[in-house]
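Secondary and tertiary structure notes
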Amino acid sequence: MKTKDLMALIVAVIIFLVAGYLAYTQLLPKKATQTQGTQVEVVGPITADFDSNALSTLSDATKTRDYSVPLDLTTGLNNQAVFGQ
């Protein structure tokens, strides 16, 4: 074999090894994660005495801003009964 052919063979083997390793690690999960099942985080109810300072900050219009845009579906569509009403 020539040196050029030998280098191409080595590069091809390295590519196949990397592709095989990635396929193995991505397609077959670890044994520890198979037996644990699904993990769910349960959030408890937020009580009224949770944090009054944060609630007052959120309620203050000078410190917070509502970035939601009201959608008006009745104008510009040439249809006053958009949803068949």
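Just above, that's the structure.
Residues numbered from 1 in each chain as written. Predicted model: local features only at pLDDT ≥ 70, side-chain atom pairs only at ≥ 80, totals over all residues. Heavy atoms only, no water.

**Brief notes about the overall build of the protein**
Across its full length, the protein holds three helices and zero strands. The buried share among the 85 residues of the protein stands at 0%. Surface exposure of the protein reaches about 8700 Å², of which carbon and sulfur atoms provide 63%. (Helix = DSSP H or I, 4+ residues; strand = E, 2+ residues; numbered from the N terminus. Buried < 20%, exposed > 50% of the residue type's maximum accessible area, 1.4 Å probe, protein only. Areas by Shrake-Rupley, 256 points an atom, 1.4 Å probe, with all protein chains shown as cover.)

**What to know about helix α3 (residues 52–59)**
Residues lying three or four places apart along an α-helix face the same way, a consequence of the helix completing one turn every 3.6 residues. Within α3, only zero of the eight residues are buried, which leaves the element largely exposed. Where α3 begins, the capping side chain belongs to Asp51, and its oxygen is found 3.4 Å from the backbone nitrogen of Asn53. (Polar contact = N/O pair within 3.5 Å; in protein donor to acceptor, adjacent residues only side chain to side chain.)

**Notes on a nonpolar patch on the surface**
A contiguous nonpolar surface patch, about 1100 Å² in accessible area, is contributed by Met1, Leu6, Met7, Leu9, Ile10, Val13, Ile14, Leu17, Val18, Tyr21 and Leu22. Relative to the helices and strands, Leu9 resides in helix α1 (residues 3–27). (Patch = residues over 30% accessible without salt bridge, like charges linked within 9 Å, V, L, I, M, F, W, Y side chains within 5 Å. Salt bridge = Lys/Arg side-chain N within 4 Å of Asp/Glu carboxyl O.)

**Let's talk about the environment of Ser56**
For Ser56, the position within the fold is in helix α3. With relative accessibility at 43%, the residue Ser56 sits in the partly exposed group. Among the polar contacts made by the side chain of Ser56, one reaches the main-chain carbonyl oxygen of Asn53 at a distance of 2.8 Å.

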